[in-house]
Amino acid sequence: MPLEFEIAPGRMIGENHPCFFIAEIGQNHQGDINIAKQMIQVAKDAGADCAKFQKSELKHKFNKAALARPYNSPHSWGPTYGEHKEYLEFSHDQYRELKAFADSIGILLSASGMDEKAVDFLDELGVVFFKVASCDTNNMPYIESTARKGRPMVISSGMQTMETMRQVYNKVKSINDKFCILQCTSAYPLDPEDVHLNIIKEYQKEFPDIPIGYSGHERGNAITLAAVGMGAKVVERHITLDKTWKGNDHEASLEPAELKELIAGIRVIEKAMGSTVKDMRACEMSTFKKLGKSVVAACDIPADTPLTAEMLAVKVAEPRGFPPERSEERRVGKECRSRWSPYH
């Protein structure tokens, strides 16, 4: 199975390809399709690769009692949880409208299918990849049926153990080789001590043949930038137009300016990662010419004189002598072939 794959036509992820950025709108659109379109545009303008929603077929995701339970939260959009969720849920036709809008401005659109019927609809809609939300990562029938559809998969790992993630990896790998796993902690907003970026390194060791990424719910950009520096090849962050809006996710989301700053920072980090080969760089030459030291004579040394340590010095010199790292091979016991004068 490859360490890279094509997540969308012409867009590879993994290896040395640019980090794939998912701007998670989720249900921060307040149930308003015009706000949703505005947020897609914000994602596009900031340089995100994909704008993502959450799609549920409520009667398949929840049982009747869960939908009927009272929901008295200040974030509620209805007296029961079912009415709250219904208010925030876009219809199939609205999703088709959102997909057409995203296509028209040149950004990918996807969604977390929050149940198998929702995944069926997203497949019909033609999303380029499936996002598996953390709440479904240990749902093995869902994982298998989604993998069998053959589209790339991005799998979050909040609320899971390493043993569960091994099961997920083995299940998906046996069916579909185009998937990645994201380190995630399912808390909103997420405190730094609960992020555990080191899991990225553990995933890289456990699953060395797939890309590893990061889905963050923390405040600010620093932690996500660190994740990219550790090798995250896919990043997902929630976005909002206003953190003070009604809704559970807004506080843990990025406003437009923060989003733009984060994606720009990721691209800077990618440039800075550079090569694994340590060598003197072209940009260092002017500094080296000005400050680089070399081995020179510390005194007047006649030709054919055996060199001693006292005869040599390391200085910034004109003309330049030989490199200090080679001084051992040119030092004590070697004869000076010609007269060597000091330049003080």
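Look a little higher up for the structure.
These numbers were taken from a predicted model, which means no experiment stands behind them.

Basis of the calculations
- Residues numbered from 1 in each chain as written.
- Predicted model: local features only at pLDDT ≥ 70, side-chain atom pairs only at ≥ 80, totals over all residues.
- Heavy atoms only, no water.
- Phe/Tyr/Trp six-rings, centres within 6.5 Å; stacked < 30°, edge-to-face > 60°.
- Buried < 20%, exposed > 50% of the residue type's maximum accessible area, 1.4 Å probe, protein only.
- Salt bridge = Lys/Arg side-chain N within 4 Å of Asp/Glu carboxyl O.
- Helix = DSSP H or I, 4+ residues; strand = E, 2+ residues; numbered from the N terminus.

On to the packing of aromatic side chains, then. Considering all chains together, one arrives at 12 aromatic pairs under this definition. Ring geometry for Y203 versus F207: centroids 5.8 Å apart, planes at 35°, classification tilted. One exposure class covers both Y203 and F207, and it is buried. With a centroid separation of 6.1 Å and 40° between ring planes, the pair formed by F322 and W340 is classed as tilted.

What follows is about the pattern of salt bridges. For side chains of opposite charge, pairing can occur when their charged atoms come near one another. Enumeration according to the criterion identifies 25 salt bridges in this entry. Here D103 ties to K99 by a salt bridge, and the two come within 3.1 Å at their closest N and O atoms. With D103 and K99 both in helix α5 (residues 92-105) and 4 residues apart, this pair spans about one turn of that helix. By relative accessible area, which is 47% here, D103 ends up partly exposed. For E258, the salt bridge identified is with K243, shortest N-O distance 3.0 Å. In this pair, E258 sits in helix α11 (residues 256-273) while K243 sits in the loop between β10 (234-238) and α11, placing the two residues 15 residues apart along the sequence. You can call K243 partly exposed: its relative accessible area is 28%. Linked through salt bridges whose partners overlap, the residues forming this network are R11, D49, R267 and E270.

Read these as spatial facts, not as claims about activity.
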